Amino acid sequence: MNKLMIRFLSFGLIAAAALGVSPRAQAEERPITLDEVIALARAQSVNAAVALNELRTAYWEYRTYKAELLPEVTFTATVPSYSKSYSSYQLDDGSYTFVRNNYMQLNGALSVTQNVWLTGGTLSLNTSLDYLRQLDSSKDQRFMSIPIALTFNQPIFGVNSVKWDRKIEPVRYAEAKADFLTATEEVAMTAITYFFNLLMAQERMEIAQQNLDNATTLYQVAREKRAMGQISENDLLQLQLNELSARSDLTSYESNAKSYMFQLRSFLGLDESIELQPVIPAEVPPVMVTYQDALEKALARNAFAKNIRRRQLEADYAVATAKGNLREVSLYAQIGFTGTAEKLRGAYDPLKDNQVVEIGVSIPLIDWGKRRGKVRVAESDRDVVESRLRQETMNFNQDLFILVERFNNQQQQLEIAELSDTIAQRRYNTNVETFLIGRISTLDLNDSQTSKDNARVEYVNELYLYWYYYYQLRSITLWDYARGTDIDADIEAILRRR
């Protein structure tokens, strides 16, 4: 009877070990794939919302810059202005008296202003009408019109800010768009980490549960065998310790799985009642990447290259500004027509010339080298920026080279880990059968179990590293290697949709 019981328990253990079936009841849960996790993260995670808001800020900054290049139409008016006051007045003999002012004034003006990016000046077209009415006994009224006036304001030696903005702002916006695309890939990288954290925890938990079931069965079988004198007391105690250790491991891994479950649900914005069951990716994209190809794609699409260009331009702009401040010469010119009369019609007929030309000069004669010093500081700052940019470029190239090497090697590492997992599982199943017939010791059985567990954990970890490197490579090159296309997005459509 004892031999029959042992054989029955043995077959149950072998079947459970071979199939990896846990006898405990499973709670209702929602299977979720890696692709689904990435899609949810991009759609509703906080990280994705932050990236979108940063893009929206950059978009409106760029729209503001574009608007500054267009004509600006402005209407100003005072309707009305009333004054009843006294002011001093000097008589012919040099003495002063006070005269009373009691009048009402109305005025309105319409202007169109355009920045001239080629020269950095400002060109404006104006028209205005003023009305003045005395409210004392004379009841006089006057109209003054400026039907048209063309005004040009031009700094001669100062820096042309509009021209520099035309160089810098498009690069800044292109950098922001590339940053957004990179951020979406980094959201995917975070999602991959959380997904595999939970997957690893659940794998460990399932391993612990299977080990506990096996340890319990082995202990029961060992007790029967001990009763028949087929194993030593030491082996029986070792199997009992194995069972206790398995129970402890299961409790710890269950706690970890719950923690990582909460982390992933929170990141994806899912309800806490949902029990996620990560599905191990069945396939990985077979991709081989060369460093030169990855570098070319990164320099063409990544925000890093645009960041380098923008910072270089900003350093050059600072130097140009400092040099422009060495002396100031500005030209102001206005031509047009004006008219004045007691009636509105007379203010427009006849018209008189209205011309103003001013040239202002501000040249410091003695400033103790202050402005020259600012030029030297700006030039030194530019040299520092250029040195940093060279170092950052070298670091970027080196990091990309290392990433490409790791990614290419990771495919082989993953194949080795998958094969090791299969072999370790088969070895463990064989050792269980061998142990039950008394041909190996508990130490050999424990060793095969440890190898099996480590091989499974290593396989999941290598799978995680492959996907993480893959999306890290995508985030840098902004290239979809699975489809063979660049990663792009209709930015304005995204901003309108959200």
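Residues numbered from 1 in each chain as written. Predicted model: local features only at pLDDT ≥ 70, side-chain atom pairs only at ≥ 80, totals over all residues. Heavy atoms only, no water.

### Re the pairing of strand S3 (residues 96-116)
Looking down a regular strand, the side chains alternate between one sheet face and the other. Here 17 bridges tie strand S2 (residues 72-90) to S3, and the two strands are oriented antiparallel to one another. Bridge assignment links Phe-75 to a residue of S3, and that residue is Leu-110. Linking S2 to S3, which pair antiparallel, is a turn of five residues; within it Gly-94 sits at a positive phi near 95 degrees. (Pairing = 2+ DSSP bridges. Helix = DSSP H or I, 4+ residues; strand = E, 2+ residues; numbered from the N terminus.)

### Topic: the packing of helix H4 (residues 161-227) against helix H7 (residues 303-324)
Interaxial distance between H4 and H7 falls to 9 Å at its minimum, and their mutual angle equals 160 degrees. Between H4 and H7, the crossing angle belongs to the class labelled roughly antiparallel. The chirality of how H4 crosses H7 is left-handed. Here Ser-161, Trp-164, Lys-167, Ile-168, Val-171, Arg-172, Ala-174, Glu-175, Ala-178 and Asp-179 of H4 lie close against H7, whose contacting residues are Ala-303, Lys-306, Asn-307, Arg-309, Arg-310, Leu-313, Glu-314, Asp-316, Tyr-317 and Ala-320. (Axes fitted to C-alpha atoms, helices over the stretch in contact; angles between N-to-C directions. Parallel < 35°, antiparallel > 145°, perpendicular 65-115°, else oblique. Left-handed = near helix turned anticlockwise from the far one by under 90°. Contact = heavy atoms within 4.5 Å.)

### Some remarks on the packing of aromatic side chains
Overall, the coordinates contain 18 aromatic pairs when judged by the stated rule. Each ring, one from Tyr-131 and one from Phe-143, has its centre 4.8 Å from the other, and the planes form 45 degrees; the classification is tilted. You can see Tyr-131 sitting in strand S4 (residues 121-134) and its partner Phe-143 sitting in strand S5 (residues 141-155), a full twelve residues away along the chain. Judged by relative accessible area, Phe-143 falls into the buried class, the value being 14%. Among the aromatic residues, those joined into a cluster by ring pairs are Tyr-59, Trp-60, Tyr-62, Tyr-65 and Tyr-173. We note Lys-297 situated over the ring of Trp-479; from NZ or CZ to the ring centre the distance is 4.6 Å. For Lys-452, the ring lying beneath its charged end belongs to Tyr-428, and the centroid distance is 4.9 Å. (Phe/Tyr/Trp six-rings, centres within 6.5 Å; stacked < 30°, edge-to-face > 60°. Buried < 20%, exposed > 50% of the residue type's maximum accessible area, 1.4 Å probe, protein only. Lys NZ or Arg CZ within 6 Å of the ring centre and 35° of its normal.)

### Regarding the nonpolar core
Looking at soluble globular proteins, one finds that nonpolar side chains tend to be buried together. Judged by nonpolar contacts, the single largest core of 53 residues is most densely connected at Phe-196, Leu-268 and Trp-467. Of all the secondary-structure elements, those providing two or more residues to this core are helix H2 (34-44), H4, helix H5 (233-268), helix H6 (291-301), H7, helix H8 (370-436) and helix H9 (442-477). When residues in this core are grouped by element, the largest group, twelve residues, is from H9. Contact partners of Phe-196, with chain neighbours within four places excluded, come to Leu-34, Pro-281, Val-460, Leu-463, Tyr-464 and Trp-467. Listed in part, the 16 residues of the second largest apolar core include Leu-52, Tyr-59, Ala-183 and Ile-494. (Core = buried A, V, L, I, M, F, W, Y, C linked by side-chain atoms within 4.5 Å.)

### Topic: the pairing of S5
Note that S4 and S5 share eleven bridges and pair antiparallel. Considered in S5, the bridge of Arg-133 is made with Gln-141. Pairing geometry for S5 and strand S7 (residues 328-341), over eleven bridges, is antiparallel. Paired with Phe-143 across the strands is Ala-341, a residue of S7.

### Some words on the side chain of Gln-312
Tracing the chain through its elements places Gln-312 in helix H7. By relative accessible area, which is 18% here, Gln-312 ends up buried. Within the structure, the side chain of Gln-312 is placed 3.3 Å from the side chain of Glu-386, a separation counted as a polar contact. With sequence-adjacent residues up to four places away left out, Gln-312 is seen in contact with Arg-382, Glu-386 and Leu-389. (Polar contact = N/O pair within 3.5 Å; in protein donor to acceptor, adjacent residues only side chain to side chain.)

### Points about the pattern of salt bridges
For the coordinates displayed, the defined rule picks out 18 salt bridges. Where Asp-480 meets Arg-483, a salt bridge forms, and the shortest distance between an N and an O atom there is 2.8 Å. Its relative accessible area of 6% is what places Asp-480 among the buried residues. Classification of Arg-483 by relative accessible area gives exposed; the value is 66%. Counted as one network, the salt bridges with shared partners bring together Arg-42, Glu-185, Arg-474, Asp-480 and Arg-483. (Salt bridge = Lys/Arg side-chain N within 4 Å of Asp/Glu carboxyl O.)

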